[in-house]
Amino acid sequence: EIINIINDNLYQIRSYGEKNFIMLNIIFFSIYLIVATLSLPFALLLGLLSGMIFDPINAILLVSFASTIGATFAFLLSRYLFADIIKLKFSSEYEKIDKGFQKYNNYYIFALRMCILFPFFIINIILGLTSTKILNFYLISQIGMLPATILIVNIGSSLNYMLLTETGLNIDIIILLTLLGVFPLIAKLFLKKIIN
């Protein structure tokens, strides 16, 4: 019954999208942007949902740009409005990231984006306190978050197929879930390689 409810809701969203394609894209992009800017804990869910609603390329573009622009807004809020509060609240995280940034600069930002050692929202707000340039932060975030975005969207797409066909786990989703589990380990090795 839960599967039927989910399928009905997804069907209604897709039906709306067929008639109002641009508007659905704008609505989804705006919601994701707000979630990313305010560091709300729904980004993963929205990433999966995007793969269930849109075709994969469209979903990847929406999530990639909304998450990066939202991360940049969080970065700017941190830098210009909440710097003192953030330094107090996340002092140990700030010290680690700032030390790494001072030593390795943009390579460190890229490695953090790939590695997922810290939650993304902490990276966004703490990097706002460093001397990194806004454009550097944006471009590195766009590239560094892309692999995880592609994985999450494709998992959402595979989950959608499972719901529609009411089949069990297929080889595609097993591979994607395995990659999602292994990805942080690979990225951690990548981070060690960069900083050694």
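The structure we're discussing is the one just above.
Residues numbered from 1 in each chain as written. Predicted model: local features only at pLDDT ≥ 70, side-chain atom pairs only at ≥ 80, totals over all residues. Heavy atoms only, no water.

### Let's talk about the overall build of the protein
Within the protein, the regular secondary structure consists of eleven helices and zero strands. Listed N to C, the secondary structure of the protein is α-α-α-α-α-α-α-α-α-α-α in terms of helices and strands. When each of the 196 residues of the protein is scored for burial, the buried share is 42%. Within the protein, counting contacts between residues at least 6 apart in sequence, those at least 24 apart form 77% of the total. With the model as given, the accessible surface of the protein reaches about 11200 Å², and the carbon-plus-sulfur share is 70%. (Helix = DSSP H or I, 4+ residues; strand = E, 2+ residues; numbered from the N terminus. Buried < 20%, exposed > 50% of the residue type's maximum accessible area, 1.4 Å probe, protein only. Contact = heavy atoms within 4.5 Å. Areas by Shrake-Rupley, 256 points an atom, 1.4 Å probe, with all protein chains shown as cover.)

### Details of the layout of surface pockets
Empty space among the atoms becomes visible once a probe the size of a water molecule is rolled across them. Its boundaries defined by the atoms lining it, the second largest pocket holds a volume of some 220 Å³. If you trace the second largest pocket, you find 13 residues lining it, with L38, S39, F82, I86 and I125 closest to the centre. At the level of elements, α4 (56-80), α5 (83-89) and α8 (120-127) are the ones that each hand at least two residues to the lining of the second largest pocket. A per-class count over the lining of the second largest pocket returns nine nonpolar, three polar and one charged. (1 Å grid on protein atoms, 1.4 Å probe; cavity = no way out; pocket = protein on both sides within 12 Å on 5 of 7 lines; lining within 4 Å. Points joined across faces, edges and corners; volume = space filled by probe spheres on them. Nonpolar A, V, L, I, M, F, W, Y, C, P; charged D, E, K, R; others polar.)

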